[in-house]
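Take a look at the letters that make up each chain.
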Amino acid sequence: MDRTARRTENRYGNRPTMKDVAARAGVGLKTVSRVVNGEPGVTPDTERRVQEAIAALGFRRNDSARVLRKGRTASIGLVLEDLADPFYGPLSRAVEEVARAHGALLINGSSAEDPDREQELVLALCARRVDGLVVIPAGDDHRYLEPEIAAGVATVFVDRPAGRIDADVVLSDSFGGARDGVAHLIAGGHRRIGFIGDQPRIHTAAERLRGYRAAMEDAGIPVDERWMSLGVTDPERVRRAAEEMLKGQEPVTAIFAGNNRVTVTVVRVLAELDRRVALVGFDDIELGDLLQPGVTVVAQDAAQLGRTAAERLFRQLDGATLLPERIELPTRLIQRGSGELPPA
């Protein structure tokens, strides 16, 4: 009974050390160090015994002390809005690929669009001495990062700019993309066009609303306040907004959806109501090309956003002296049918 309890107590946290390997192989600690680090001066027979001991014990080299001696931990942090959002999958993968090419490990987490949680997560990553950060910000005040940046933590923001500090940012042209998408609906004969977007405090949502307004103004179309709805993107809120726009004597004949989550809900609403209403969404959606009609979208390259941000980050880490820069990537309109429906 005592032996079982002792085994349970010691099962975790007691990893084999180089001393354990040396004892099992019958060699000195320095010899094990040479084998582990690939250094010369060890006979083939001795190296074989050490490798057998390493395999038997399940020993792994502790890289922490080694990298800390170099002043780097070979790790970077990625703070996303929502790990479950399909948009962030290719972005995260691209950051990871760049990190791997530089011999670094990626640690990521989600802020859940909560500024306090973002700050907590960012500072926790800094406490673990990550070399750099790629952040999709939830908040609008990032002065809490100033001491970390001054201490040498490379930082790049993605999708949205930092608040109240000068820092690198890589984002898509949300304003231009939305303007082009709404202009496409106007060119198809639509005048009553609804806009359903995310919370107005979010940079991308505000920019896409600005693009919507600009396209309507360019066409000389006055905007009815009832055609615009911004807020959280949960399905119930979006559903209510869409249904409100589609009722009455003069319903909207087209909807511009401010992001992929809004688009998915609007597609469901239109299918349930059996209404042929034109739709253009910002961000592509999975299987959007297989629906009837296919969903016309303003697509942004999430992978290129992540890749560009990570490459910028590692340029900082490699010692390049760079002034904070705003890098804006273009969007593209993909016509699939829903955005080409004429007004009813």
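Residues numbered from 1 in each chain as written. Predicted model: local features only at pLDDT ≥ 70, side-chain atom pairs only at ≥ 80, totals over all residues. Heavy atoms only, no water.

Draft legend 1. How the structure looks around the packing of aromatic side chains. By the definition in use, this model includes three aromatic pairs. Judged by centre distance (5.1 Å) and plane angle (75°), the ring pair of Phe 87 and Tyr 88 falls under edge-to-face. Exposure remark for Phe 87: the relative accessible area of 10% places this residue in the buried category. Residue Tyr 88 is classed as buried on the basis of its relative accessible area of 2%. Their ring planes at 10° and their centres at 6.0 Å tell us that Phe 195 and Phe 256 sit as a pair that is stacked. With Phe 195 in strand β6 (residues 193-197) and Phe 256 in strand β8 (residues 254-257), this pair connects stretches of sequence that are 61 residues apart. When the ring centre of Phe 282 is taken as reference, the NZ or CZ atom of Arg 208 above it lies at 3.8 Å. For Arg 210, the ring lying beneath its charged end belongs to Phe 175, and the centroid distance is 4.0 Å. (Phe/Tyr/Trp six-rings, centres within 6.5 Å; stacked < 30°, edge-to-face > 60°. Buried < 20%, exposed > 50% of the residue type's maximum accessible area, 1.4 Å probe, protein only. Helix = DSSP H or I, 4+ residues; strand = E, 2+ residues; numbered from the N terminus. Lys NZ or Arg CZ within 6 Å of the ring centre and 35° of its normal.)

Draft legend 2. Representation of the sheet that holds strand β12 (residues 332-334) in the model. Strands sit in the order β7-β6-β8-β9-β10-β12 across an open sheet of six strands; the sheet is mixed. A single partner strand is all that each edge strand has here, and the edge strands are β7 (228-230) and β12. In this sheet, adjacent strand axes meet at a mean angle of 15° when their direction is disregarded. Where β8 meets strand β9 (residues 278-282), four bridges bridge the pair, whose relative direction is parallel. Looking at the pairing, Ala 257 lines up with Gly 281 of β9. Across the sheet, helix α11 (residues 235-245) lies against β6 and β7, angled at about 170° from β6, the strand it touches most. Helix α12 (residues 260-273) rests against β6, β8 and β9 of the sheet, and its axis sits at about 160° to β9. (Pairing = 2+ DSSP bridges. Axes fitted to C-alpha atoms, helices over the stretch in contact; angles between N-to-C directions. Contact = heavy atoms within 4.5 Å.)

Draft legend 3. Seen up close, the sheet that holds strand β2 (residues 105-110). A sheet is described by the order of its strands in space; here six strands give the open sequence β2-β1-β3-β4-β5-β11, paired in parallel fashion. Across the chains shown, the open sheet's two edge strands, defined by having one partner strand only, are β2 and β11 (326-329). Averaged over all pairs of adjacent strands, the angle between their axes in this sheet comes to 15°, without regard to strand direction. Sheet analysis places strand β1 (residues 75-80) next to β2, joined by six bridges and oriented parallel. Within β2, the position partnered with Leu 80 by the bridge is Ser 110. Against the sheet, helix α13 (residues 302-317) engages β1, β3 (132-135), β4 (154-158), β5 (168-172) and β11, with an angle of about 165° to β4.

Draft legend 4. Layout of the pairing of β4. Burial runs high along β4: five of the five residues are buried. Examined bridge by bridge, β3 and β4 share four bridges and lie parallel to one another. Bridge pairing in β4 places Val 134 opposite Val 156. Two strands pair when backbone bridges link them, and β4 and β5 are joined in this way by three bridges, in the parallel orientation. Considered in β5, the bridge of Val 158 is made with Val 170.

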